Amino acid sequence: MTSPDPSPAPARSNPRPGGLQRLIYASRQNLPDGAPLDEVVSDIIRASIRNNREQSITGLLLVHGGWFVQALEGPAAAVQERFERIAGDPRHADPKVLEIEPASGRAFGDWNMCARTLSDADEALLDELEQRQAFSPDRLDARSALRLLKAVRDIQGRAGFG
Ligand SMILES: Cc1cc2nc3c(=O)[nH]c(=O)nc-3n(C[C@H](O)[C@H](O)[C@H](O)COP(=O)(O)O)c2cc1C
């Protein structure tokens, strides 16, 4: 036999269409009247962990200065479906997608979802990263958004809380 069966394609870390995808967006907080931010965020995280676990979605939610910045990563279809649902949530407004890209690995694989509200110390770290200017999600581009979230991930990792 001159033409052997084609060997199976090597396993790719990023096959399509079920391949790993990362989506990052920023939105403005829109809290129900009188609702404390930490309770709103706790409710979001409770639902997120439940739903995201089922869909193999991991990520991080940054809560700061009236904004949310969130990374969602997982199978492409699941991420897009979940984001559509999140985007319609009245607890925030004007979600703006900053990045939606195939990913070669998970950057936030430790958490089905984890929220971080920046403390003063965290803000000092943003200064070091020279990201304070960039923080305004109006100005945040894909690269700086991912850098920012990874910096927050590292702070969160050091705090030892998932
Ligand atoms: C900023 C923000 C981030 C959210 N992130 C997620 C998420 O990662 N996963 C999720 O399932 N729901 C998330 N939600 C909540 C969803 O919009 C929605 O309320 C929830 O998925 C409904 O879950 P349920 O049908 O189990 O009640 C988020 C909401 C907001 C406002």
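Residues numbered from 1 in each chain as written. Predicted model: local features only at pLDDT ≥ 70, side-chain atom pairs only at ≥ 80, totals over all residues. Heavy atoms only, no water.

Novice: What exactly am I supposed to notice about the side chain of E73 here?
Specialist: In this structure, E73 sits in strand β3 (residues 67-75). A residue is classified by how much of its surface remains accessible, and E73, at 0% relative accessible area, is buried. Within the local environment of E73, its side chain forms a polar contact with the side chain of R22, the two groups lying 3.2 Å apart. Within polar-contact distance, the side chain of E73 engages the backbone nitrogen of F108 at 2.6 Å. (Helix = DSSP H or I, 4+ residues; strand = E, 2+ residues; numbered from the N terminus. Buried < 20%, exposed > 50% of the residue type's maximum accessible area, 1.4 Å probe, protein only. Polar contact = N/O pair within 3.5 Å; in protein donor to acceptor, adjacent residues only side chain to side chain.)

Novice: When you look at the pairing of strand β2 (residues 58-64) in this model, what are you seeing that I'm missing?
Specialist: Regular strands have side chains that alternate between both faces of the sheet. For β2, a buried count of 7 out of 7 residues is recorded, marking the element as mostly surrounded by other parts of the structure. The side-chain alternation of β2 yields two buried faces, one formed by T58, L60, L62 and H64 and the other by G59, L61 and V63. Direction of pairing for β2 relative to β3: antiparallel, over a ladder of 7 bridges. Counterpart to L61 in the pairing with β3 is Q70. The turn joining β2 and β3, which pair antiparallel and follow one another in sequence, is formed by 2 residues; a positive phi near 55° is taken by G65. Inspection of the sheet shows β2 paired to strand β5 (residues 115-117) by 3 bridges, in the parallel sense. Each bridged residue has a counterpart across the sheet, and for L61 the counterpart in β5 is A115. (Pairing = 2+ DSSP bridges.)

Novice: Hey, could you run me through the pattern of salt bridges in this one?
Specialist: Opposite charge on two side chains allows them to pair when their charged atoms are near. Inspection of the entire model under this criterion finds 6 salt bridges. A salt bridge links R22 to E73; the nearest nitrogen and oxygen atoms lie 3.2 Å apart. In this pair, R22 is assigned in strand β1 (residues 20-29) and E73 in strand β3, connecting sequence segments 51 residues apart. Pair check on accessibility: R22 and E73 agree, each one buried. Here D122 and R116 are joined by a salt bridge, their closest N and O atoms 3.1 Å apart. (Salt bridge = Lys/Arg side-chain N within 4 Å of Asp/Glu carboxyl O.)

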